[in-house]
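Spelled out, the chains give:
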Amino acid sequence: MRFFVSVFTLFVVSFFLSVAFAQAENTVFVEAESFTDKGGWVVDQQYMDVMGSPVLLAHGMGEPVADAVMEISFPKTGTYRIFVRTRNWIAPWTPEYAPGIFQISVDGQKLETVFGNEGNPWHWQKGETVNIKNEKAKIALHDLTGFDGRLDAIIFTDNENYVPPEDVKEIDKIRRKTLKLAASPLNAPLAQEEPFDLVVVGGGIAGICSAISAARLDCKVALIQNRPTVGGNNSSEVRVHLQGRMGHPPYPNLGNLVHELDPQHEGNAQPGEYYKDERKLNAIRAEKNITLYLNTHIIAAETTKSANGSIEIKSVIGKNIETGIETKFAGKLFADCSGDGNLGFLAGAEWRMGRESKSETRESLAPEQPDKMTMGASVQWYSVPVKDANGKPVKTEFPPLPWAHQFTHESAQPMVQGDWDWETGLNYDQVWDIERIRDNGLRAAYGHWAYMKNQSEPKWREKADTRKLGWVAFVAGKRESRRLMGDVILQEQDIVQREIWNDASFVTTWTIDLHYPETKNEKHFSNEAFRTIAKHKGIQPYAIPYRTLYSRNVSNLFMAGRCISVTHVALGTIRVMRTGGMMGEVVGMAASLATKNKTTPRGVYEKYLPELKQLMEKGVAPAPDQYWHSARPNPSNKSARKLTPPTWLPNAGKNLARNAKITVSSLYKSANYPATNINDGNMNINDNAGRWVSDEGGDLRVEPHWVELTFSQPVEINALRLISGQSGGTTPVQDFVLQYRNGSTWTDIGGTKTESNDIPDISKRFPTVKSSEFRLVITATPGNLARIWELELYNIIQ
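Residues numbered from 1 in each chain as written. Predicted model: local features only at pLDDT ≥ 70, side-chain atom pairs only at ≥ 80, totals over all residues. Heavy atoms only, no water.

1. A few points about the side chain of Asn677
To be explicit about the condition: Starting at the N terminus, helices and strands are each numbered in turn, a helix being any DSSP run of H or I of at least four residues and a strand any DSSP run of E of at least two. Contacts are assigned to residue pairs with any non-hydrogen atoms lying within 4.5 Å of each other.
Topologically, Asn677 is positioned in the loop between β32 (661-664) and β33 (692-693). Dropping the residues within four chain positions of it, Asn677 is found in contact with Ala689, Gly690, Arg691, Trp692, Trp789 and Glu790.

2. Topic: the nonpolar core
Rule in force here: Only buried residues count toward a nonpolar core. Its members are Ala, Val, Leu, Ile, Met, Phe, Trp, Tyr and Cys residues joined through side-chain atoms within 4.5 Å. Each residue gets one of three labels from its accessible area relative to the maximum for its type: buried under 20%, exposed over 50%, partly exposed in between, using a 1.4 Å probe on protein chains only.
Val316, Tyr546 and Phe558 are the most contacted members of the largest nonpolar core, which totals 93 residues. The biggest single contributor to this core is helix α13 (residues 577-597), with 10 residues. In contact with Phe558, other than residues within four places in its own chain, are Leu198, Leu333, Phe334, Ala335, Asp336, Tyr546, Leu549, Tyr550, Val587, Ala590, Ala591 and Pro601. Counting 31 residues, the second-largest nonpolar core is a separate cluster that includes Val30, Met70, Phe102 and Ile154.

3. A look at the packing of helix α3 (residues 205-215) against helix α5 (residues 277-285)
Stated precisely, the cut-off is as follows: Between N-to-C directions, angles cover 0 to 180 degrees, with each direction set by a line fitted to C-alpha atoms, over the stretch in contact for helices. Roughly parallel covers angles under 35 degrees, roughly antiparallel covers those over 145, roughly perpendicular covers 65 to 115, and oblique covers all other angles. Crossing handedness is read from the near helix: turned anticlockwise from the far helix by less than a right angle, it gives a left-handed crossing, and turned clockwise, a right-handed one. Amino acid classes used here: Ala, Val, Leu, Ile, Met, Phe, Trp, Tyr, Cys and Pro are nonpolar; Asp, Glu, Lys and Arg are charged; the rest, including Gly, are polar.
Here α3 crosses α5 at 20 degrees, and the two axes come no closer than 10 Å. In terms of orientation, α3 and α5 fall into the roughly parallel class. Two packed elements cross with a definite hand, and for α3 against α5 that hand is left-handed. Within the contact between the two elements, α3 uses Ile205, Ile208 and Ile212 and α5 uses Lys280, Ala283 and Ile284. Tallied by class, residues from the contact of α3 with α5 come to five nonpolar, no polar and one charged.

4. Things to note about the state of the cysteines
This is how the line gets drawn: The disulfide definition used here is simple: a pair of cysteine sulfur atoms within 2.5 Å.
All told, the structure shown has zero disulfides when counted by the stated rule. As a non-bridged cysteine, Cys209 has Cys337 as the owner of its nearest cysteine sulfur, 9.3 Å distant. A residue is classified by how much of its surface remains accessible, and Cys209, at 0% relative accessible area, is buried. Not part of a disulfide, Cys563 finds its nearest cysteine sulfur in Cys337, a span of 6.8 Å.

5. A closer look at empty space enclosed by the protein
For clarity, the threshold we go by: The way it works is a 1 Å grid over only the protein atoms, where trapped points that fit a 1.4 Å probe form a cavity and open points with protein on both sides within 12 Å along at least five of seven lines form a pocket, and then any residue with an atom within 4 Å of a point lines it. Grid points are joined across faces, edges and corners, and a volume is the space filled by probe spheres set on the points.
The tally for this structure, following the rule as stated, stands at three cavities of 30 Å³ or more. Looking at the largest cavity, its volume works out to about 110 Å³. Across the lining of the largest cavity, the residue classes break down as five nonpolar, seven polar and four charged. Here the second largest cavity is characterised by a volume of approximately 40 Å³. In this structure, the second largest cavity is lined by Met246, Gly247, His248, Tyr251, Pro252, Leu254, Ser505, Phe506, Val507 and Met582. Per element, the largest residue contribution to the lining of the second largest cavity is three residues, and it comes from strand β27 (residues 504-508). Considering only residue class, the lining of the second largest cavity consists of seven nonpolar, three polar and no charged.

As structure tokens, then:
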């Protein structure tokens with residue numbers, strides 16, 4: 001595989017291209033993202049389509065980040081006026097405050113002007129004049145707060161009458177002149193002379209699987225990703241675990257490639273290393289037929305239109321978010337795996353956003369009238385304990401934040417981390433309003449933590465006293481935006497009524513899972529609510545038609561991921577990432593057939609469907625060093641889902657837990673997994689409905705999940721068996737201990753403490769303990785959800 005972080009990697013010194021003369025007078029234009037040493041500042045491209053360029057963000061979670069530094073050249077020495085393109089990001093809500101502020105220094109001289117404290121929209125904030133003594137000068141950005149100050153560009157001019165333009169198009173003209181770019185993106189230089197067989201836009205799970213699947217079938221592939229790493233929502237930048245089951249008929253080998261990439265970790269908002277970014281990158285790098293372009297955001301598409309109105313993409317143009325350099329990627333076939341349907345939108349593909357009406361779709365979950373409401377974007381976060389060199393907890397501070405969301409005892413919860421349901425922006429456009437959406441999520445996370453540290457009741461404050469914010473996402477985790485229309489638009493009733501398709505392909509297994517504002521949160525925070533609930537409608541595994549995976553009016557465009565051809569309601573089941581990965585596997589197979597036979601995605605359906613079915617039957621061939629992947633649990637293989645009872649069970653006698661009264665710490669939101677399942681004797685691990693499932697809780701080290709068993713009189717026990725997880729043998733509870741009531745206290749039972757468990761059917765033997773009350777305490781479990789089919793207790797007579 002050929003690997004490019006930038007198309008012009010060999011020209012590392014090209015950052016000087018980002019500093020040039022933009023006007024006839026002595027005016028120097030500096031792109032923020034071109035700083036060679038970014039210190040603690042990060043590049044943020046999420047609203048690049050609105051801004052025209054990425055920005056630098058000082059995301060320090062309340063602690064000022066390290067300076068960004070670079071050297072720039074001036075045409076001559078003398079006095080220059082400085083302008084900085086920035087904004088006060090909190091101004092839409094509380095313009096009297098300005099949390100994201102910074103200063104600039106030139107050759108060590110810090111300017112007096114504080115930037116980021118004026119105005120809501122992006123604009124040029126005027127600074128003071130500075131005396132440039134040498135034609136090369138070092139400039140630095142000094143963050144003052146750690147609360148997400150941001151800037152787009154800097155201008156130095158010796159013309160006192162110069163006023164920078166505010167119009168984005170006019171700024172783009174300056175930027176193009178600065179970078180010596182073509183007047184139009186369509187005139188950008190080609191990445192390579194020979195068109196790629198397949199150009200994949202988007203490096204999430206769906207995009208990676210599309211690229212690798214096609215590459216292993218001998219397609220030459222360009223994989224374009226607009227972040228410095230791959231994985232999308234499953235990367236360390238967003239931290240959402242993979243969901244959806246694999247291995248179901250009609251093509252149980254679909255999902256083999258997803259399994260290669262899958263870090264086998266369940267859980268949102270966990271430490272970054274859990275999401276195995278490097279594992280995914282290595283899988284791509286191992287493919288000789290893939291050229292990877294990181295940090296590259298697609299900004300334009302070159303198309304032609306036939307007499308019948310069909311559109312064909314000839315090339316796409318990507319802008320590097322670090323250097324600003326533009327590159328053209330010519331291709332025969334294209335795949336939009338961007339999530340937002342960016343490529344389809346640029347190419348003129350038909351698309352929808354929001355909820356269709358009942359009359360449009362006949363769906364039971366659709367509103368009476370169509371609206372633009374989508375599911376929102378999550379800004380997840382967590383805190384971490386702080387200890388001194390001797391391991392003793394250290395009390396920490398966090399300032400009151402009058403500009404953030406203001407909490408009370410009624411509107412807050414005693415939480416030390418925020419999961420998927422810290423979700424906002426359901427009433428906003430997830431593409432054009434993403435900066436506001438993400439920022440409202442930051443207001444929520446910061447405001448909650450300020451309340452926990454400073455104003456909450458003592459019992460709550462104790463939870464946070466010796467903790468600090470460890471991670472707050474600055475890349476929002478989206479669920480829904482544009483959906484590109486294909487020859488089939490999948491609807492809810494297709495799934496519920498089990499419509500059979502001749503081109504059935506990948507299988508969706510997730511519930512129809514739609515998100516809505518949480519009532520209490522919406523009451524307290526009105527239109528800026530940031531917590532949601534999930535409403536689930538169960539389904540049986542269902543095979544989705546291939547025709548949802550290509551555009552109906554762009555002849556050479558595939559789709560995979562959450563932007564495929566479905567309604568808002570049907571999106572609720574197909575949007576999870578293991579399912580999206582299987583879509584990508586199918587897209588790669590179809591692309592290979594289209595390439596081989598010089599046809600279109602529709603042509604594959606019309607003329608080569610039997611060949612596509614053969615490829616889906618085989619699945620994606622493993623990489624040479626990935627033969628282990630065939631041993632993954634296969635839900636279509638009953639032998640892979642058998643219990644493994646302990647050898648002592650035949651002589652163990654009666655399961656005493658059957659006679660206990662069960663109480664639990666919590667129930668899952670849908671309340672379809674009651675506590676009575678824990679000791680009902682049902683151990684059918686092919687049936688997820690037979691489990692107790694907890695809610696997601698918070699930090700389980702502080703408030704663990706628990707299951708209490710109370711007997712009418714004391715019993716003796718010396719063995720337990722715990723059957724947990726979900727169908728397919730995944731996600732068993734990881735860390736737990738069994739306790740017994742000893743007077744007024746709970747005491748751990750020796751020999752039962754378990755960490756990092758990955759066995760769905762686990763058993764323990766221990767010295768005999770007598771009590772009328774026992775408690776299973778769970779301090780770690782995938783996704784913070786405890787899932788238990790059965791807890792059995794025995795007294796084995798020696």
